[in-house]
Amino acid sequence: MTRFFSSVIGLLFFAHLSWAQGYEIKIQISGYEEDELYLAYYYGDKQYIKDTVTIAAEGEKGHFVFAGDEPLAGGVYLAVMKPNNDFFQFVVDEKNQQFELKTDKVNPNDHMKVIGSKDNAAFFQYLQYLEKKRPMAEELKTQLEAAKDDEKKSAKLQQQLDDLNKEVSDYQKKVVKDNPGTMTSAIIRANLPIDMPEFKGEGDDLKVQQWRYTQHHYFDNLDLGDPRMLRTPFLFQRLEHYVNKMVVQHPDTIALAIDEVLEPMQKSEETFRYYLIHYLNSFARSKLVGMDAVYVHLVDHYYAKGLASWTDPDQLKKIIDNANTLRPLLIGKIAPDIRLQKRDGTPISLHEVDSEYTVLYFWRYDCGHCKKSTPFMKDFYEKYKDKGVKIIAVCTKYQDEIPGCWEYIDENGIQDWLHTVDPTGRSRYAQIYDIQSTPQIYILDRNKEILTKRIAAEQIEEVMDKIIEMKQREKEAGN
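Remember, it's a predicted structure, so these values are computed and weren't measured experimentally.

Glancing now at the pairing of strand 2 (residues 36–43). A large share of strand 2 lies buried, amounting to seven of its eight residues. Relative to strand 3 (residues 46–54), strand 2 is paired through eight bridges, and the arrangement is antiparallel. Bridging from a neighbouring strand, Leu39 pairs with Asp51 of strand 3. The antiparallel pairing of strand 2 with strand 3 creates a hairpin that spans two residues between the two strands, and Gly44 there sits at a positive phi of about 65°. Examined bridge by bridge, strand 2 and strand 5 (residues 75–81) share five bridges and lie antiparallel to one another. Residue pairing across strands places Tyr41 opposite Tyr77, the latter belonging to strand 5.

Structure below.
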């Protein structure tokens, strides 16, 4: 009997321990008449449904229970109401996932009562505090705008607004201090302004100092290695602003910025995985000239070094192969040499062409975009041929389709370009230059260094003017 009793107690204890590792969130919403409620969460820049619950036939209206054997990942979650997808947010931490929320359908934050979760109690108290202070701030701003011509009154109103902002700031810091380690504390801290020191100077010089300090301290209050941050409504936007607005939009500086973001994220495997994939895909799809260098950087520094262990081996090989193809074609690299032949069969290589600037133009006569590009390229050559520009046009046809190249050239009066073909594809230009569509345009300097690429024919005059101007400035600076 004793042995049996002990076994039963052990089973009950094990069952209780297993349940404690899951979640049970009870939600009661007065005035909500629908039979379903959704549990959703933030993930990157989107929201996803985690669970849907329906009240039992004998259950009370507005009473719902979300439960599961596996714990929820920490973050900000949403209770979403039908039929208009109105919602209120609450926090989930790994330590306590058994609690109850009682509120009203109208203004749920204002009516919220929390049972069993100090974290959510602090969270809603904070939201309610902000809700009281927000109209006060808006009213002061309105009065300040109306009194902008009254210096004395403006100064008084500005002081009142400053005092209110300080009161809010002090309250935020107190909540952070009083609730260490909680989701609420992490959220508030992450959105606190940077402590900006006093800088000497004025005007543009002062702005530059403040800008640089902001760049270097942008994430002072946000722990990028905290896995809970992945499921918040602000992390994605903050990162996008930093990468796309806070640093110079050059491939090298963008790559460095992404490295700075990803390094602390490696403490959170899921966050690191999400954002590495996000940035890889973003720059794989980028239409901005030269941004493929960021893609190559990510592959070289993460995928090729085994830091993306979740990637399928076949997919990993494709990613690395793609980077290997793009690397020799990056802006600043010497364009790969290719050996082609002219109309009379004479061989010629790209690097043999002697010109200040070389426009490498891949095209085909049955390509609609190429046909639209022809007039622009023709006009461009007439204007720039006396400025040291030559066009090497490669008709991307093979074997018996090549005569069509010469017919198109004659019909459109563009015989004075340097026209070439490769009847058998022996040069492998299509693979070397990653020609997946036409037209494709590269602009090279005298040393065949790639200055720019994959621009539209409509842009070529504007781009060429900027290149010539830049080269002229470099020449003058060198003298």
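From this point, things continue past the structure.
What follows concerns the sheet that holds strand 8 (residues 113–115). Taken together, the four strands give an open sheet; going across it, the order is 4-1-7-8, and neighbouring strands pair in mixed fashion. Of all strands in the sheet, those with a lone pairing partner are strand 4 (63–68) and strand 8, marking the two edges. In this sheet, neighbouring strand axes are inclined to one another by 15° on average, regardless of whether the strands run parallel or antiparallel. Note that strand 7 (residues 98–104) and strand 8 share three bridges and pair antiparallel. Within strand 8, the position partnered with Lys102 by the bridge is Lys113.

All right, on to the state of the cysteines then. Per the counting criterion, the structure on display carries one disulfide. Disulfide pairing places Cys395 opposite Cys405 at an S-S distance of 2.0 Å. Taking the sign of the S-S torsion, about -65° here, the bridge from Cys395 to Cys405 comes out left-handed. On the criterion of sequence distance, the pair formed by Cys395 in strand 12 (residues 389–395) and Cys405 in helix 12 (residues 403–412) is long-range, its members being ten residues apart. In this structure, Cys395 and Cys405 share a single accessibility class: buried.

In this section: helix 2 (residues 118–146). Here helix 2 contains 29 residues, and its C-alpha end-to-end distance of 43 Å stays within 8% of the 42 Å for a straight helix at 1.5 Å per residue. Along its length, helix 2 reaches its greatest deviation from straightness, about 25°, at Lys133, and the proline Pro135 lies no more than four positions downstream. Restricting attention to buried positions, one finds in helix 2 the residues Asp119, Asn120, Ala122, Phe123, Phe124, Tyr126, Tyr129, Leu130, Lys133, Ala137, Leu140 and Leu144. For helix 2, the secondary structure elements touched by its buried residues are strand 6 (86–92), strand 7, strand 8, helix 3 (151–178) and helix 4 (183–190).

Here we come to the nonpolar core. By size, the foremost hydrophobic cluster in this structure holds 77 residues, and its most contacted members are Ile27, Leu37, Phe90 and Tyr275. Broken down by element, the residue count for this core peaks at eight residues, all from helix 9 (residues 292–303). Ignoring sequence-local partners within four residues, the contact set of Leu37 consists of Ile27, Ile29, Tyr32, Asp51, Thr52, Val53, Phe64, Phe66, Ala79, Val80 and Met81. Tyr361, Tyr381, Ile414 and Leu451 belong to the second largest nonpolar core, which has 31 residues in total.

The rules we used
- Residues numbered from 1 in each chain as written.
- Predicted model: local features only at pLDDT ≥ 70, side-chain atom pairs only at ≥ 80, totals over all residues.
- Heavy atoms only, no water.
- Buried < 20%, exposed > 50% of the residue type's maximum accessible area, 1.4 Å probe, protein only.
- Helix = DSSP H or I, 4+ residues; strand = E, 2+ residues; numbered from the N terminus.
- Pairing = 2+ DSSP bridges.
- Axes fitted to C-alpha atoms, helices over the stretch in contact; angles between N-to-C directions.
- Disulfide = S-S within 2.5 Å.
- Expected span 1.5 Å × (residues − 1).
- Bend = angle between axes of the 7 residues up to and from the residue.
- Contact = heavy atoms within 4.5 Å.
- Core = buried A, V, L, I, M, F, W, Y, C linked by side-chain atoms within 4.5 Å.

Shape is all these values report; function is a separate question.
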